[in-house]
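Architecture and fold: a report
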Amino acid sequence: MVDSLRRMSMVALGAASLALLAGAGPDITHQQIQDAWKSSPVGSTHSYAWGSYTCNIGDTPLAWLNGGTPALGMNAYRLHNGRILQIGLGFAKHACCVANGTGCGTCTSGPSGTLRPGCRDVYSASYNAGQGRLGPRSGINPFAGTFAPIPSGTGDAIWRRVQIKAGEMSAADFPGAIYIAEGVYVCAGEAPAEQLNNATYSRMTVANGGTTPSYTWTPTGPSMTGQPALMAWRNHGLGVNNPDPSVHLSLADVPAEGRFHAGGKVTNLGNGQYMYDYAVFNLNSHRSGSSLSVAVDPAGTVNNINFYSPEYHSGEVYSNISWNVSRNATTGTLTWASPQTFAQNPNTNALRWGTTYNYWFVSNVPPAPQLGEVTLGLFRPGTPDSIQISGLPVPCVAPAITSQPLTEERACLCGDVTLVAGVSSIAAAGEVTYRWQREVSPGVFENVTDGNEGACPGGSISGADSATLTLTGVSPAEAGTYRLLVTTACGQATSENVNLEVCIGDFNCDGGTDGTDVEDFFTIWESGDTTADVNLDGGIDGSDVELFFTRWADGC
């Protein structure tokens, strides 16, 4: 049945809705935010709810349970001066009863108590504002699709609804701001792949003008079905329908779990200063986010560090204490983190489902020439304990040698040796150049080149332009001091020096000089084998014996 409070008007599907593909099993989308409802304020706080056109674009009916599944989390955002912030959130509105109507394709027949494939259900904003149908988000596991019963209780006019302070909607403080409503569904019975289109946003006009503004919200323009509000940061970043190309959007999935969306932007403030803005939206990860780390060159400065999260209210158990921020003195990495771990307090402030958190700072480090990645720590225990979010603008970070080559290397005559250095991840720094060099006079180094080298048979050098240098058939001519230079658009790193010795005295290449080397040398020398030509002059004579014993006595 359809409650008398529910809005019955039907609208045509938007282009965004038509673009969504039907999934296997039930697949719920919030097709349209068709209206908005507002209560009387309490003090300076106003409260709201959004209407919902809900479609099943899958091929299986979805169970619709009174007081249970599905549930709709409702949010409010402001886009102003190049930054999007979630300025309000409410409890999740749990289902009541279902009406299978047209508007999502061909509405099929099927069992009662379900939203059937191709059918649409309609709830008005006033119905979704019903406080007895609003349950805390903490009672929902968004990935598993499980729901705790709605707790009883009563409150004032803004209790459990989307709460927004009047100051967040001030026309004087935020001239030209764009306001956005968002709905995020959680459903029992949806497969993980069908959960990924459960957020929808719509632009709103706000009556915030005049001496006594009402702060009424009204939908304007099409609802962007299957897209979280974070998408509006780029789509309307320079004004209504005027995209901001400096905003980069990305997403990252927790293995075998939920999804996060993220956005990033860099603004050149002039005078060698850059503003880095990041926003992360948790669509449906129950593990939630506990930290965000951004690599910043340790030589750079960082200031004006900020964190923003929407406020929980109405007895929701989650804390609103701000995240901590720190910077690693050695690596320069900047990290925001939850006030406590899950073990310390499961209800501390974490980035939970259906919410967007913001992080920004100013630095004198310019952006890297290519998009890079930030690290999102995960709150609830599991594997992995963090994920990488790629495709975002990041500060330029000079390369670093993370593992040095050995400072002393030994090779027996005409043996092989490999010099290896570990280098930090520098994908965002653009083109990278590796160059091994050899000291030709004190403090003067020249580039090593690949190719045949030295007097030993098969002597060669390879990998001169990589992190690994291989010398095959090493002769005394290749002995000396080596180093690796790594160069990117963001800077340069130099490895420690490597002293390479060619040990003629270790004739049998067992790593030491002892009597067995003498015995083996004379056996080979008397036989006339060319390996006894230790001075590599093309002959086997007394000069080889003299050189061998000199080097053997010196221990190499």
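See the structure printed just above.
Small disclaimer: the values here were computed from a predicted structure and weren't measured.

1. A closer look at the overall build of the chain
Looking only at helices and strands, the chain features 5 helices and 38 strands. In terms of overall dimensions, the chain is more spread out than a globule: its C-alpha atoms have a radius of gyration of 33 Å, far above the 24 Å expected for 556 residues. Taken along its principal axes, the extent of the C-alpha atoms in the chain is 110 × 55 × 45 Å. With 556 residues in all, the chain has 51% of them scored as buried. Taking the contacts inside the chain whose residues are at least 6 apart along the sequence as the reference set, 68% of them involve residues at least 24 apart. When the accessible area of the chain is evaluated, it comes to approximately 22300 Å², of which 52% is carbon and sulfur surface. Each charge class in the chain can be summarised by its mean position, and for the 26 positive and 46 negative side chains these summaries are 30 Å apart.

2. A few points about the sheet that holds strand β24 (residues 355–363)
The strand order β17-β18-β19-β24-β21 describes an open sheet built from 5 strands, whose pairing is antiparallel. A strand with exactly one partner marks an edge of an open sheet, and here the two such strands are β17 (248–253) and β21 (302–308). Averaged over neighbouring strand pairs, the angle between their axes works out to 15° when direction is ignored. When strand β19 (residues 273–282) meets β24, the two strands line up antiparallel, connected through 9 bridges. Counted as the bridge partner of Ala279 is Asn358 from β24.

3. Examining the packing of aromatic side chains
For the coordinates displayed, the defined rule picks out 16 aromatic pairs. Aromatic pair Tyr48 and Trp50: ring centres 6.0 Å apart, planes at 25°, arrangement stacked. Comparing Tyr48 with Trp50, the two get one shared label, buried. Here Phe342 and Phe379 contribute two aromatic rings whose centre-to-centre distance is 5.4 Å and whose plane-to-plane angle is 80°, an arrangement assigned as edge-to-face.

4. Looking at the nonpolar core
The biggest cluster of nonpolar side chains holds 60 residues, and the ones touching the most others in it are Tyr278, Trp336, Tyr359, Phe361, Leu469, Leu471 and Tyr482. It is β19 that provides the largest number of residues to this core, a total of 4 residues. In this structure, Ile33, Ala49, Leu72 and Val362 belong to the second largest nonpolar core, which totals 41 residues.

5. Comments concerning the side chain of Thr348
In this fold, Thr348 is placed in the loop between β23 (334–337) and β24. Sequence-distant contacts of Thr348, that is, excluding residues within four places in its chain, are made with Ser319, Ser338, Pro339, Gln340, Thr341 and Phe379.

6. Points about the state of the cysteines
Taken as a whole and judged by the stated rule, the model has 4 disulfides. The disulfide bridge from Cys55 ends at Cys104, spanning 1.7 Å between sulfur atoms. With the S-S bond torsion at -65°, the cross-link from Cys55 to Cys104 turns out left-handed. On the criterion of sequence distance, the pair formed by Cys55 in strand β4 (residues 52–56) and Cys104 in the loop between β7 (83–94) and β8 (114–115) is long-range, its members being 49 residues apart. Accessibility expressed as a relative area gives 12% for Cys104, which makes it buried. What pairs with Cys107 in a disulfide is Cys119, and their sulfur atoms sit 1.9 Å apart. Given an S-S torsion of about 95°, the disulfide between Cys107 and Cys119 has right-handed geometry. With a gap of 12 residues between them, Cys107 in the loop between β7 and β8 and Cys119 in the loop between β8 and β9 (120–123) connect regions that are remote in the sequence.

7. Here's the deal with the sheet that holds strand β34 (residues 460–462)
Within a beta sheet, neighbouring strands are joined by backbone hydrogen bonds and run either parallel or antiparallel to one another. Strand order in the open sheet formed by 4 strands is β29-β35-β34-β33, and the pairing between neighbours is antiparallel. With partners counted over all chains shown, the strands left at the sheet margins are β29 (417–420) and β33 (451–452), one partner each. As paired elements, β34 and strand β35 (residues 468–472) share 3 bridges and run antiparallel to each other. Considered in β35, the bridge of Ile461 is made with Leu471.

8. Quick notes on unusual backbone geometry
Cis geometry is adopted by the peptide bond preceding Pro70, which originates at Thr69 and carries an omega value of -10°. The topology assignment puts Pro70 in the loop between β5 (62–63) and β6 (71–80). Omega for the peptide link from Thr383 to Pro384 comes to 0°, which places this bond in the cis form. Looking at the element boundaries, Pro384 is found in the loop between β25 (372–378) and β26 (386–392). Not every positive phi belongs to a glycine, and Ser314 is a case in point at roughly 60°. Following the sequence through the fold, Ser314 ends up in the loop between β21 and β22 (324–327). Judged by relative accessible area, Ser314 falls into the partly exposed class, the value being 21%.

9. Section: the pairing of strand β31 (residues 433–441)
Both β31 and strand β36 (residues 480–488) contribute to a ladder of 6 bridges, which runs antiparallel. From the neighbouring strand, Gln437 faces β36, where its bridge partner is Arg483. Counted between consecutive antiparallel strands, the loop separating β31 from strand β32 (residues 444–447) contains 2 residues, among which Gly443 sits at a positive phi close to 80°.

What counts, and at which threshold
Residues numbered from 1 in each chain as written. Predicted model: local features only at pLDDT ≥ 70, side-chain atom pairs only at ≥ 80, totals over all residues. Heavy atoms only, no water. Helix = DSSP H or I, 4+ residues; strand = E, 2+ residues; numbered from the N terminus. Rg over C-alpha atoms; globule rule 2.2 N^0.38 Å. Buried < 20%, exposed > 50% of the residue type's maximum accessible area, 1.4 Å probe, protein only. Contact = heavy atoms within 4.5 Å. Areas by Shrake-Rupley, 256 points an atom, 1.4 Å probe, with all protein chains shown as cover. Lys, Arg positive; Asp, Glu negative; His and termini not counted. Charge placed at Lys NZ, Arg CZ, Asp CG, Glu CD. Pairing = 2+ DSSP bridges. Axes fitted to C-alpha atoms, helices over the stretch in contact; angles between N-to-C directions. Phe/Tyr/Trp six-rings, centres within 6.5 Å; stacked < 30°, edge-to-face > 60°. Core = buried A, V, L, I, M, F, W, Y, C linked by side-chain atoms within 4.5 Å. Disulfide = S-S within 2.5 Å.

Just geometry here; none of it tells us what the structure is for.
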